[in-house]
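# Residue-level structural notes
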Amino acid sequence: MSHRVRIAACTILMTACCAGVVFSQIEGDSGKEFNQAFYKELQISEDDIMQFGESLKPMYEDMQKNIQAKAMAEIPKRMADSSEPMTPESAMRFGMEIAMDELVGMQQPINDQAREFFSEEKRQKMHLRLFQLKEGLIDQLGSSDNPDITQGAFGFEVIQLMGGQPDFLELSPEQSDLITKQQKETSGEAMTLITQAQMKVFMSDPAKLGEIQRLGKEFAEAQTDEERTEIAKKIQAVQGDIFKDLAPQLKTILLKGHENFMRTLTDAQRAKIKSVMAEMPDYMKKLLAEANKDGAGISGLESWVPGMGAPGVPNPRREAPRQRPRGGRTFPGE
């Protein structure tokens, strides 16, 4: 059981670290143009991003340790208290619930750290761009069978779980809680599917797990976009066709999760999203278009640090209307 938990924890850490940091693995000039335009717009440098990412490493390390420790402590208790034997599948699901709680628990620390590195204006702009990128991928996901689009959308789902929703949506506390619950379910279901597939590979070839862990460490210590790009390619090569084979199932999970998210919003909030997406800058539109056309490396997300600029809770100075859900899922304005 401990080996299963270790593989699950490794999967989550790699997703947060590698699949969740923003795409510039697209080959050719598009990725470089994206980075240059993004840094110019925000008036920041790659060093600024690297320093912030370096400051988050202890959080990721603690997250991995907490997932393993809590799972190893709680699973035996659950087994002892249950009249039904705990199967490997049920233990995996329980462990994933712990993992999702840990991801949500990173929201406030990550954002507190971001406030120390960036002005509020820059932090909010980064968060806006993150939201637009995720929504852009989801838009493509509905009409694309490209597994890289699916993997990229999944990576952003995990990032957003760690970062929370953007302030411009003005979510009520009830909405915020419900959306977090939905995202935990979506990410947990997807992560379980991926972990089970990886487990089959790693159990048959334990050396691959060690290789993934080694590459993950190298990725975290990389100093440039070019280095991270090369390491991300190696990680994908070791994992083989796992994401490619799972893409149809992951696509279904992600699209269902997004439908739940949209149903939770009011008409006014959905209109804000439409307006925000219409204002996406050209350099982002170009990147999404190139990724969709070429199927090039959208999953190698690597110039955005997870959770950066994402507010953990609604603005406490703003009075949001407290609306009660109907049927446990939808809100007025549906």
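Here's what I pulled together on the structure shown here. (Residues numbered from 1 in each chain as written. Predicted model: local features only at pLDDT ≥ 70, side-chain atom pairs only at ≥ 80, totals over all residues. Heavy atoms only, no water.)

### Focus on the overall build of the protein chain
Condition: Strands are runs of DSSP state E lasting at least 2 residues, helices are runs of H or I lasting at least 4, and numbering of each runs from the N terminus. By definition, residues are in contact when any of their heavy atoms lie within 4.5 Å.
The number of helices and strands found in the protein chain is 13 helices and 0 strands. N-terminal to C-terminal, the α/β element order of the protein chain is α-α-α-α-α-α-α-α-α-α-α-α-α. In the protein chain, the proportion of contacts linking residues at least 24 apart, taken out of those at least 6 apart, comes to 86%.

### Examining the pattern of salt bridges
The cut-off we apply is this: We count a salt bridge whenever a side-chain nitrogen from Lys or Arg sits within 4 Å of a carboxyl oxygen from Asp or Glu. Burial here depends on accessible area, computed with a 1.4 Å probe over protein chains only, as a share of the maximum for the residue type. Under 20% is buried, over 50% is exposed, and the range in between is partly exposed.
This structure, assessed with the given rule, holds 12 salt bridges. In this structure, glutamate 211 engages arginine 214 in a salt bridge whose closest nitrogen and oxygen atoms are separated by 2.6 Å. Of this pair, glutamate 211 and arginine 214 both sit in helix α9 (residues 206-221), 3 residues apart, roughly one helical turn. Note that aspartate 267 is salt-bridged to arginine 270, the shortest N-O span being 2.7 Å. Residue aspartate 267 and its partner arginine 270 are both found in helix α12 (residues 267-278); the two are separated by 3 residues, about one turn of the helix. Its relative accessible area of 45% is what places aspartate 267 among the partly exposed residues.

### Observations regarding the environment of phenylalanine 219
Secondary-structure assignment places phenylalanine 219 in helix α9. Counting along the chain gives 10 residues from phenylalanine 219 to threonine 229, while the straight-line C-alpha distance between them is 8.8 Å.

### Considerations on the nonpolar core
Definition in use: In this text, buried Ala, Val, Leu, Ile, Met, Phe, Trp, Tyr and Cys residues form a nonpolar core when linked through side-chain atoms within 4.5 Å.
Of all hydrophobic cores here, the largest spans 60 residues; its most connected members are Phe38, Ile44 and Phe154. Among the elements that take part in this core, helix α7 (residues 147-163) stands out by supplying 8 residues, more than any other. Core analysis: the next-biggest nonpolar cluster, separate from the first, contains 10 residues, Phe202, Leu209, Ile231 and Ala232 among them.

### Here's the deal with the packing of helix α4 (residues 88-105) against helix α5 (residues 107-117)
Stated precisely, the cut-off is as follows: Orientation is described by axes fitted as lines to C-alpha atoms, over the contacting stretch for helices, and by angles from 0 to 180 degrees between their N-to-C directions. Angle categories: roughly parallel below 35 degrees, roughly antiparallel above 145, roughly perpendicular from 65 to 115, and oblique for all the rest. Basically, the charged four are Asp, Glu, Lys and Arg, the nonpolar ten are Ala, Val, Leu, Ile, Met, Phe, Trp, Tyr, Cys and Pro, and anything else, Gly included, counts as polar.
Where α4 meets α5, the axes come as close as 5 Å, and the angle between the chain directions of the two elements is 25°. Accordingly, the angle class assigned to the pair α4 and α5 is roughly parallel. Across from Leu103, Val104 and Gly105 in α4, the residues of α5 making contact are Gln107, Gln108 and Pro109. Counted by class, the contact of α4 with α5 contains 3 nonpolar, 3 polar and no charged residues.

### Topic: the packing of helix α3 (residues 46-81) against α4
Here is the rule we go by: For a crossing to be left-handed, the near helix must be turned anticlockwise from the far one by less than a right angle; the clockwise case is right-handed.
α4 packs onto α3 with a crossing angle of 140° between their chain directions and a minimal axis gap of 9 Å. With respect to their mutual orientation, α3 and α4 come out oblique. Here α3 runs over α4; the crossing is right-handed. Contacts between α3 and α4 involve Met63, Asn66, Ile67, Lys70, Ala71, Glu74, Ile75 and Arg78 on the former and, on the latter, Ala91, Phe94, Ile98, Ala99, Glu102 and Leu103.

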